[in-house]
Amino acid sequence: MRTYGMLLLPSHNRVYARASVDLARAELLVTGDALLGGRIRDVAETALAGVPYVTFATEKPLTEGEVAALANLSSLYALFEIEDGRLAPVELTRLDTFGSELITIQKYAGKTNEDFTKLLLNVTAMACADPERLLRRELRVLDPLCGRGTTLNQAVMYGLDAAGVERDGKSFDAYAAFLRQWLKNSRIKHRAQTTTVRRDRRSLGRRFHCELGATKEAYKRGESIDVTMVNADTAASGDFFRSASFDLIVTDAPYGVQHGATARAQVSRSPMPLLTSALPVWARLLRPGGAIGIAWNTLVARRSELASLLADHGFEVADSEAHQGFRHRVDQAIVRDLVVARLPAGRGRAVGPAATDRDR
């Protein structure tokens, strides 16, 4: 039996306080079930020399591939193998393609915490038919309620193609301006433009599109990361993207109060009216075997409501004990949770009219 200890990111502990260990445990177990064949056991909080660690055991030593699978955990700062009370550091190779400023530099009211955005993306990827595609950078991500692009930036950090839909014009402009400036300051090769999307002589919305290279050499070879943001209502997502063109849909639903959920010109504290209206559109954009992950405020909608809505649209909801371990308090008005579900691989989707954004 081998024992390992995870030292959690200081920021993770500070933001989540008492919930940090529970969130780390749940993400570790979900990842272990998806990529390590369920080999992780005996997850616990352990103090070593007065420092708290999340410890776990495996019957055999972790392989290089298994370490790579764990390296991207949202809470992980360092990993050690523990033997006879001594800590031996385990070298980690993360998916991160760019510097952390891509994720952290933007500051604005209502921004989803970066650690949680990464957790939500990770857990959603673990629910798809082939979760190892995350490690191969083969997944295409959509955030249909993308705000100022935190999810898009995390996907880009992983080297994944990403797209988002945001109805607020100021948020759309802010993200386009931020990404252009960051790319310029970082001297990253790219092409970027903002255009108006039209069909039948009418405007559907604005579209920001960027192709960037992880390296200059990759860019010259034509190997680019594709980022798209559309300024439109999320229920119109199908007007901009082809059916079955995304592997993951990852979104943080509006929490009500300051960020009310809007559907059919009505504002609701609950995200359910918006999700009921938009989910049929989102589902058509997902490839069979793809997964959806939604975070929401449990004080304004029950988990059973979201699970039933997803099941009604053909999704298989992940409902293991680990998947039920992500509930945590954000503040007095928000207790956040997440739900993930897979579109069965054998379930096809009818392809609608040709959309503006072609699947790459």
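Residues numbered from 1 in each chain as written. Predicted model: local features only at pLDDT ≥ 70, side-chain atom pairs only at ≥ 80, totals over all residues. Heavy atoms only, no water.

Caption draft 1: Main features of the overall build of the protein chain. Scanning the protein chain from N- to C-terminus turns up 10 helices and 17 strands. At 20 Å, the protein chain has a C-alpha radius of gyration in line with the 21 Å of a compact globule built from 360 residues. Referenced to the eigenvectors of the C-alpha coordinate spread, the extents of the protein chain come out at roughly 75 × 50 × 40 Å. Sequence separation of 24 or more characterises 69% of the internal contacts of the protein chain that already satisfy a separation of 6 or more. For the protein chain, the computed accessible surface area is about 16,400 Å², with 46% contributed by carbon and sulfur atoms. (Helix = DSSP H or I, 4+ residues; strand = E, 2+ residues; numbered from the N terminus. Rg over C-alpha atoms; globule rule 2.2 N^0.38 Å. Contact = heavy atoms within 4.5 Å. Areas by Shrake-Rupley, 256 points an atom, 1.4 Å probe, with all protein chains shown as cover.)

Caption draft 2: Layout of the environment of Glu 166. Here Glu 166 is to be found in strand E7 (residues 161–166). With 63 residues separating them along the chain, Glu 166 and Met 229 place their C-alpha atoms 7.4 Å apart. What Glu 166 contacts, discounting residues up to four positions off in sequence, is Leu 145, Cys 146, Gly 147, Ser 171, Met 229, Val 230, Asn 231 and Ala 232.

Caption draft 3: Fine view of the packing of aromatic side chains. Taken as a whole, this structure holds 5 aromatic pairs when the rule is applied. On the basis of an interplanar angle of 80° and a centroid distance of 6.1 Å, the ring pair of Tyr 53 and Phe 80 is categorised as edge-to-face. Taken together, the residues Tyr 53 in strand E3 (residues 51–58) and Phe 80 in strand E4 (residues 76–83) connect sequence positions 27 residues apart. As far as the burial class goes, Tyr 53 and Phe 80 line up, both buried. (Phe/Tyr/Trp six-rings, centres within 6.5 Å; stacked < 30°, edge-to-face > 60°. Buried < 20%, exposed > 50% of the residue type's maximum accessible area, 1.4 Å probe, protein only.)

Caption draft 4: The arrangement of the pattern of salt bridges in detail. Applying the stated criterion across every chain, the model contains 15 salt bridges. The residue Glu 66 makes a salt bridge to Arg 39 at a minimum N-O spacing of 2.5 Å. In this pair, Glu 66 sits in helix H3 (residues 64–70) while Arg 39 sits in the loop between helix H2 (20–35) and strand E2 (41–48), placing the two residues 27 residues apart along the sequence. By relative accessible area, Glu 66 is classed as buried at 13%. The shortest N-O distance in the salt bridge between Glu 59 and Arg 41 comes to 3.4 Å. You can see Glu 59 sitting in the loop between E3 and H3 and its partner Arg 41 sitting in strand E2, a full 18 residues away along the chain. (Salt bridge = Lys/Arg side-chain N within 4 Å of Asp/Glu carboxyl O.)

Caption draft 5: Summary view of the sheet that holds E3. One open sheet holds the 5 strands; their spatial order is E2-E3-E1-E4-E5, and the pairing between them is antiparallel. The open sheet has two edge strands with one neighbour each: E2 and strand E5 (86–90). When the angles between neighbouring strand axes are averaged without regard to direction, this sheet yields 35°. Alignment of E4 against E5, held across 5 bridges, turns out to be antiparallel. Residue pairing for E5: Phe 80 is matched across the bridge by Pro 89. (Pairing = 2+ DSSP bridges. Axes fitted to C-alpha atoms, helices over the stretch in contact; angles between N-to-C directions.)

Caption draft 6: Layout of unusual backbone geometry. Even without being glycine, Ala 49 reaches a positive phi, approximately 55°. On the secondary structure map, Ala 49 appears in the loop between E2 and E3. You can call Ala 49 exposed: its relative accessible area is 86%.

Caption draft 7: Structural detail: the nonpolar core. Membership of the largest hydrophobic core comes to 73 residues, with the highest contact counts inside it found for Phe 56 and Leu 179. Sorting elements by how many residues they give to this core places H2 first, with 8 residues. Listed in part, the 34 residues of the second largest apolar core include Val 165, Phe 246, Ile 249 and Ala 341. (Core = buried A, V, L, I, M, F, W, Y, C linked by side-chain atoms within 4.5 Å.)

Caption draft 8: Representation of the pairing of strand E1 (residues 2–8) in the model. The buried count for E1 comes to 5 of 7 residues, which makes it a mostly enclosed element. Here 5 bridges tie E1 to E3, and the two strands are oriented antiparallel to one another. Following the sheet pairing, Arg 2 is matched in E3 by Thr 58. Relative to E4, E1 runs antiparallel, the two sharing 6 bridges. Bridge pairing links Leu 7 to Ala 78 in E4.

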